[in-house]
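Architecture at a glance
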Amino acid sequence: MERDGQLEIYDRLAARLKEAHSRVRSPQIPQSARVALTRKLLVITAASKHDLADAERRLERLMADLDEGRFTAGRGDVCADGTP
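Model, not experiment: these values are computed from the prediction.

1. Here's the deal with helix α3 (residues 52-67)
- In a regular helix each residue adds 1.5 Å, so 16 residues correspond to 22 Å; α3 covers 22 Å between its end C-alpha atoms and thus fits that length.
- Residues of α3 that are buried: Leu52, Asp54, Ala55, Leu59, Leu62, Met63 and Leu66. Along α3, the residues classed as buried sweep out an arc of 165° about the axis, all on the same side. α3 presents Arg61 and Asp67 as exposed residues on the side facing more than 90 degrees away from its buried surface.
- Measuring from the backbone nitrogen of Ala53 back to the side-chain oxygen at the start of α3 gives 3.3 Å, which picks out Asp51 as the cap.
- Following α3 by one or two positions, Gly69 adopts a phi angle in the positive range, close to 75°.

2. Structural notes on the nonpolar core
- Counting 17 residues, the largest nonpolar core has Leu37, Leu41, Leu59 and Leu66 as its most contacted members.
- The set of elements that each furnish at least two residues to this core consists of α1 (2-24), α2 (31-48) and α3.
- The element best represented in this core is α3, accounting for six residues.
- With near-sequence residues (within four places) excluded, Leu41 lies in contact with Leu17, Ala20, His21, Val24, Leu59 and Leu62.

Calculation notes
- Residues numbered from 1 in each chain as written.
- Predicted model: local features only at pLDDT ≥ 70, side-chain atom pairs only at ≥ 80, totals over all residues.
- Heavy atoms only, no water.
- Helix = DSSP H or I, 4+ residues; strand = E, 2+ residues; numbered from the N terminus.
- Expected span 1.5 Å × (residues − 1).
- Buried < 20%, exposed > 50% of the residue type's maximum accessible area, 1.4 Å probe, protein only.
- Arc of directions from axis to C-beta.
- Polar contact = N/O pair within 3.5 Å; in protein donor to acceptor, adjacent residues only side chain to side chain.
- Core = buried A, V, L, I, M, F, W, Y, C linked by side-chain atoms within 4.5 Å.
- Contact = heavy atoms within 4.5 Å.

Distances and angles like these do not, on their own, reveal function.
Printed below as a string of structure tokens:
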């Protein structure tokens, strides 16, 4: 039974990672921020192989940042709210 529960967690995390990757590729994300966010997603993916709970927490923080337009913008880029 424990294995079934773990598979559900993996499935849920995989679906959320897929959604996060799609959102990071959106045109509203500046290129320099996209590179940094993609790296974060790769770290979260690697973490999921060892600690699902930690990976879920990291992904939740990243998704919240995306929801609120908080992402690192490179020099010359602007944030989602239009500020430099």
